[in-house]
Amino acid sequence: MTKTPIHLWIVGILSLLWNAGGAMDYVMTKTNAAEYMAQQPPERLAMLEQAPIWFSVTWAVGIWFSIIGSMLLLLRSRYAGAAFGLSLLGLIGSSVYTYIIAEGGSMVAAAGPAAIAFTIAIPVILIGLWVYARAMTKRGVLR
């Protein structure tokens, strides 16, 4: 059995915290939390109101499989890579609607610098987690 490197715990904990932010956004949005929704730009509210069911499904897959992937990483499970891979598919699906289909990409036009940074960071971090989990599986760290 391969010794668990310290970076696995660091990556696992940080990824769980990062993904918890996405899960909080999902839960607050889906439960229509008044205070949270009042802070959202009108373009996002309109996009969510008009969203088809497949958007909700892909968004849920993206969010919850990221959480599962982070937990599996901390549990040293080889299935962490598969969970992050499924999350990536969910992210792609929800992004197609959010940034291409919905009002011709109005979310991009409405986004400020912070939103644009998140739009870039989310797939970059998710791809990094997927690659990392696969590498840890190949090294025998995840079993």
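Residues numbered from 1 in each chain as written. Predicted model: local features only at pLDDT ≥ 70, side-chain atom pairs only at ≥ 80, totals over all residues. Heavy atoms only, no water.

Peer 1: Talk me through the side chain of S66; I want residue IDs and the actual numbers.
Peer 2: Examined against the element boundaries, S66 turns out to sit in helix α4 (residues 53-74). For S66, a relative accessible area of 6% translates into the label buried. (Helix = DSSP H or I, 4+ residues; strand = E, 2+ residues; numbered from the N terminus. Buried < 20%, exposed > 50% of the residue type's maximum accessible area, 1.4 Å probe, protein only.)

Peer 1: Explain the packing of aromatic side chains to me, using residue names and the numbers behind them.
Peer 2: This model, assessed by the stated rule, comprises 6 aromatic pairs. Geometrically, the ring pair formed by Y26 and W59 is edge-to-face, given 4.8 Å between the ring centres and 75° between the ring planes. A residue pair is termed long-range when its members are at least 10 positions apart, and Y26 in helix α1 (residues 6-30) and W59 in helix α4 qualify at 33 residues. The burial state of Y26 is the same as that of W59; both residues are buried. A ring pair is formed by Y26 and W64, whose centres lie 5.7 Å apart and whose planes are at 90°; its orientation type is edge-to-face. (Phe/Tyr/Trp six-rings, centres within 6.5 Å; stacked < 30°, edge-to-face > 60°.)

Peer 1: I'd like to hear about the nonpolar core, residue by residue, with values.
Peer 2: L8, L73, A80, F84, A133, M136 and L142 are the most contacted members of the largest nonpolar core, which has 15 residues in total. Going through the elements one at a time, α4, α5 (80-101) and α7 (113-138) are the ones with two or more residues in this core. Excluding anything up to four places from it in sequence, L73 contacts L8, V11, G12, S15, A80, F84, Y132, A133 and L142. Counting residues in hydrophobic clusters, the runner-up holds 14 residues, among them A23, Y26, I67 and A102. (Core = buried A, V, L, I, M, F, W, Y, C linked by side-chain atoms within 4.5 Å. Contact = heavy atoms within 4.5 Å.)

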